[in-house]
Amino acid sequence: MRNPRRPLPAWADIVLLPLINIALAFVTVSIIVRINGVDPFHALRLLVVGALGSPESIGYTLYYATNFIFTGLAVAVAFHGGLFNIGGEGQAYIGGLGCGLAILALDRYLPAWAMIPIAILAAALFGAAWAAVPAWLQAWRGSHIVITTIMFNFVAAALMVYLMVNVLIAPGSMTPQSRNFEPSSFLPAMQGNALNLSLGLALVCCLAVWIFLWRTPWGYALRTMGHNPEAAVYAGTDLRRMTMVAMGISGGLAGFVGVNELMGVHHRIVLDFPAGYGFAGIAVALMGRNHPLGIALAALLFGILQQGGAELAFEIPTITREMVVVIQGLVILFSGALVQLPRPWLQMLFALRRPS
Amino acid sequence: MKGLLVSLIALVAMGSIAQAQTTLKPAIVYANGGKFDKSFNEGVSNGAKKFTDEIKIAVVDFEPSNETQFEQALRRFAQRGNDPIIAVGFSQAVALEKVGKEFPNTHFTIIDSVVKLPNVQSVVFKEHEGSFLVGVLAALASKSGKIGFVGGMDIPLIRRFQCGYEQGVKYANPSAEVIANMTGTTPAAWNDPGRGAELAKGQFDRGVDVVYAAAGNTGTGVLQAAKDRGKLAIGVDSNQNYLHPGTMLTSMIKRVDVAAYNSFKAMQGGSWRGDVSVLGLKEGGVDWAYDQYNEKLVPPEMKAKVEAAKADIIAGKITVHDYMSNNACK
């Protein structure tokens, strides 16, 4: 036991530590559920069966996970460059606007093989553009990106409401939503379910982000900027340009939430479709340790919580949707804010096991 | 669920209900504001409660937390054999169009929007007519000639409230000025009493002495601010007069509770029809509230004028323009 602070092996860091965090969260949740007069094991069973018990529930779980992968990756890419992008919510919103506008303009003229890629590209471009403004302000004006990105969430929400209520609203519609998209823009989806091909796009994004971050010179420069900006400058990296690149990619990834929601599920532009996925992405990235594989797993967990939580509220009337948020919040607390809590214990255990 | 089944079976055994009712398993999917918003959703909840108290049939419900869950919850209830199912709020229209087609034998009711399917009953309200009346009363009660309006989220439905209200104000006092604010552009605007109070105070500072809140739970802040400053306030959806007697001028009542109750009741009695009902003053769907809490604030001559306007609207002598008919207040 010469060095109890020795770093953990990679598998323990990526797999074991999050598992312990989840276990701690569930112990805490159990106590609260118990106080509410519900058997925690019954609740846990309902949650797991509700999320993974049937093809339909698995479909919804994966559909939610798709959104979390996009926003989790978005946060992670920026984070590797030392940038804290809290604007995923707004970038997702505007990304959806981009893909919606492209579809509304072209869906009557283009076949699916042309319409779908164009709409996906538009989502990425609009999301990137929305992230580029705070990035520019940070790079050239020194405005802190945490403040500007979060402000841009509100600007995005206001812009969307203005557009939906005054400009894009379908004629004769009671509710602020655009006209229906033509089927040429629909992504192939599971029958009667929200799961659609966006999941494939999300997995491709995971792979692409991994290649970008760890197998390209740009990714190397980006990570150097995150670790030590002065070293990055010394190595010849243009920090301003790199900030723009990182936030552009980040915003583009967040914008894909619009693809999943509008092209995959709603098939029209609606209000409020980002529904907090942008913010949850921060927790997903933290929990996934900013690695695409970890993010995919964390997103799956969040999907399970989202879908299973809804089923829980469905089955047990005393567990309200607010309770479900508490449960999700505790899991996030333990896996995000308190992520380092069990680390010293684990390190000691490992040191005991291999005293060399 | 098990409890519900057991109680149903028990009721059947008691022979207190007819054969047709054994299959009645009503369900409600609430809007984003949640079941206990003291206003719109809670009205539906009260209607369901009244039905349960009377008929002894439990009503199950679900409070969605995002857009996708509307469709999911409606489908889940339909799959589980719940019937009829009430979808609360305009945001569920899209979801109901899909799910309604998938379950043609299930009966749905949507409140605040229209879905044209044979198995869907749509209930919408002429909020502009009720708002017109409280606008008339506001103009009569105002000494400064400046009238306030605080809306929730800036959407056509709330502009319809505002538009009807403005017409009522101008009808009673053509030189009156209406100062209007919307609370926000996100659904959080339905649930922000602090901001509601700030907006109301801002309006009071500009000389407003009567304010109308059409903002869900945000309205509770507006009504409180009016009480704190000794100004008059008008509540919405449910009768909120009792909240602050002395400063509550009136409330624009929207009988969502009756809509929910009637839907269940019609289903039980076998008279349920998939149609569109537009409930205005004439149908008793909207109204202004006059009770022991505000009778001191509304002298008989004021009351007479409002009642006269109400009679004229019902008789068709006054036409209140509906914002949503052309997305403009003219």
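Above this text sits the structure in question.
A quick note: this is a predicted structure, and the numbers were derived from the prediction, not measured. (Residues numbered from 1 in each chain as written. Chains lettered and ligands numbered in written order. Predicted model: local features only at pLDDT ≥ 70, side-chain atom pairs only at ≥ 80, totals over all residues. Heavy atoms only, no water.)

Draft legend 1. Focus on the overall build of chain A. When helices and strands are counted, chain A shows 14 helices and zero strands. Over its C-alpha atoms chain A spans a radius of gyration of 21 Å, differing by no more than 12% from the 21 Å that the globule rule assigns to 356 residues. C-alpha atoms of chain A, sized along the principal axes, occupy 70 × 60 × 35 Å. The buried share of chain A, taken over its 356 residues, is 56%. Look at the contacts in chain A between residues 6 or more apart in sequence, and 78% of them connect residues 24 or more apart. Summed over all atoms, the accessible surface of chain A reaches about 15,400 Å², with 71% contributed by carbon and sulfur. Taken as two groups, the 18 positive and 13 negative side-chain charges of chain A have centres that lie 15 Å from each other. (Helix = DSSP H or I, 4+ residues; strand = E, 2+ residues; numbered from the N terminus. Rg over C-alpha atoms; globule rule 2.2 N^0.38 Å. Buried < 20%, exposed > 50% of the residue type's maximum accessible area, 1.4 Å probe, protein only. Contact = heavy atoms within 4.5 Å. Areas by Shrake-Rupley, 256 points an atom, 1.4 Å probe, with all protein chains shown as cover. Lys, Arg positive; Asp, Glu negative; His and termini not counted. Charge placed at Lys NZ, Arg CZ, Asp CG, Glu CD.)

Draft legend 2. How the structure looks around the overall build of chain B. Per the secondary structure count, chain B includes 11 helices and 12 strands. Relative to the compact-globule value of 20 Å for 330 residues, chain B shows a C-alpha radius of gyration of 20 Å, a close match. Across its three principal directions, the C-alpha atoms of chain B cover 65 × 40 × 35 Å. For chain B, the residues scored as buried account for 59% of the 330 residues in total. In chain B, once contacts between residues fewer than 6 apart in sequence are set aside, the share between residues at least 24 apart is 67%. Element-wise, carbon and sulfur atoms account for 52% of the exposed surface of chain B, whose accessible area totals about 12,800 Å². Looking at chain B, you have 36 positive and 33 negative side-chain charges, and the mean spots of the two groups are 1 Å apart.

Draft legend 3. Structural context of the interface of chain B and chain A. Taken residue by residue, the interface counts 36 residues in chain B and 35 residues in chain A. Ranking the residues of chain B by area buried against chain A places B:Glu67, B:Thr68 and B:Gln72 at the top, with a combined share of 18%. In this assembly, chain B and chain A are joined by five salt bridges. With a closest N to O distance of 3.9 Å, B:Glu63 and A:Arg321 form a salt bridge. Between the two partners, chain B and chain A, sit nine residue pairs in polar contact (both at pLDDT 80 or more). Elements with a minimum of two residues in the side of chain B that touches chain A: helix H3 (67–79), helix H4 (93–102) and helix H6 (156–172) of chain B. (Buried area = accessible area lost by both parts, 1.4 Å probe. Salt bridge = Lys/Arg side-chain N within 4 Å of Asp/Glu carboxyl O. Polar contact = N/O pair within 3.5 Å; in protein donor to acceptor, adjacent residues only side chain to side chain.)

Draft legend 4. Up close: the nonpolar core. A:Met263, B:Ile28, B:Phe161, B:Tyr165 and B:Tyr212 are the most contacted members of the largest nonpolar core, which totals 190 residues. Take this core: its biggest share by element is 13 residues, from helix H3 (residues 55–80) of chain A. Shared between two domains, this core takes at least three residues from each, and those domains are domain 1 (2–126 + 256–279) and domain 2 (127–254 + 285–326) of chain B. Leave out the neighbours within four places in its chain, and B:Tyr212 touches B:Ser131, B:Val134, B:Gly148, B:Phe149, B:Val150, B:Phe161, B:Tyr165, B:Ile234, B:Gly235, B:Val236 and B:Met252. Residues B:Ala197, B:Leu199, B:Ala200 and B:Ala226 belong to the second largest nonpolar core, which totals 15 residues. (Core = buried A, V, L, I, M, F, W, Y, C linked by side-chain atoms within 4.5 Å. Domains from an automatic or database assignment.)

Draft legend 5. A look at the environment of B:Ile55. Structurally, the position occupied by B:Ile55 is in helix H2 (residues 40–55). For the pair B:Ile55 and B:Ala189, spaced 134 residues apart in the sequence, the C-alpha separation amounts to 36 Å.

Draft legend 6. Spotlight on the packing of helix H7 (residues 198–215) of chain A against helix H8 (residues 217–227) of chain A. Residue and element names in this part refer to chain A. At a minimum axis distance of 5 Å, the contact between H7 and H8 shows a crossing angle of 70 degrees. With respect to H8, the element H7 is oriented roughly perpendicular. Contacts between H7 and H8 involve Phe212, Leu213 and Trp214 on the former and, on the latter, Trp218, Gly219, Tyr220, Leu222 and Arg223. (Axes fitted to C-alpha atoms, helices over the stretch in contact; angles between N-to-C directions. Parallel < 35°, antiparallel > 145°, perpendicular 65-115°, else oblique.)

Draft legend 7. Molecular detail of the sheet that holds strand E9 (residues 232–237) of chain B. Residues and elements named next belong to chain B. Overall, mixed pairing links the six strands, which are arranged E7-E6-E8-E9-E10-E12 in an open sheet. Single-partner strands in this sheet number two, and they are strand E7 (177–184) and strand E12 (286–288). Taking the axes of each pair of neighbouring strands and ignoring which way they run, one obtains an average angle of 15 degrees across the sheet. The sheet contact formed by strand E6 (residues 146–153) and E7 spans seven bridges and is parallel. Bridging from a neighbouring strand, Val150 pairs with Asn181 of E7. Sheet strands touched by helix H7 (residues 193–205): E6, E7 and strand E8 (210–214). Its angle to E7, the strand with the most contacts, is close to 160 degrees. (Pairing = 2+ DSSP bridges.)

Draft legend 8. The packing of aromatic side chains, seen in detail. Overall, the coordinates contain 18 aromatic pairs over all chains when judged by the stated rule. Between A:Phe79 and A:Phe84, the ring centres sit 6.0 Å apart and the planes meet at 70 degrees, which makes this aromatic pair edge-to-face. Residue classification places A:Phe79 among the partly exposed residues on the basis of a relative accessible area of 39%. Aromatic pair A:Phe314 and B:Phe77: ring centres 4.5 Å apart, planes at 45 degrees, arrangement tilted. Note that A:Phe314 is positioned in helix H12 (residues 292–315) and B:Phe77 in helix H3, a pairing that runs across two chains. Its relative accessible area of 1% is what places B:Phe77 among the buried residues. Among the aromatic residues, ring-to-ring pairing joins A:Tyr60, A:Tyr63 and A:Tyr64 into one connected group. Sitting over the face of the ring of A:Phe314, B:Arg76 holds its NZ or CZ atom 5.2 Å from the ring centroid. In this structure, B:Lys303 is placed above the aromatic ring of B:Tyr290, and the distance from its NZ or CZ to the ring centre is 4.7 Å. (Phe/Tyr/Trp six-rings, centres within 6.5 Å; stacked < 30°, edge-to-face > 60°. Lys NZ or Arg CZ within 6 Å of the ring centre and 35° of its normal.)

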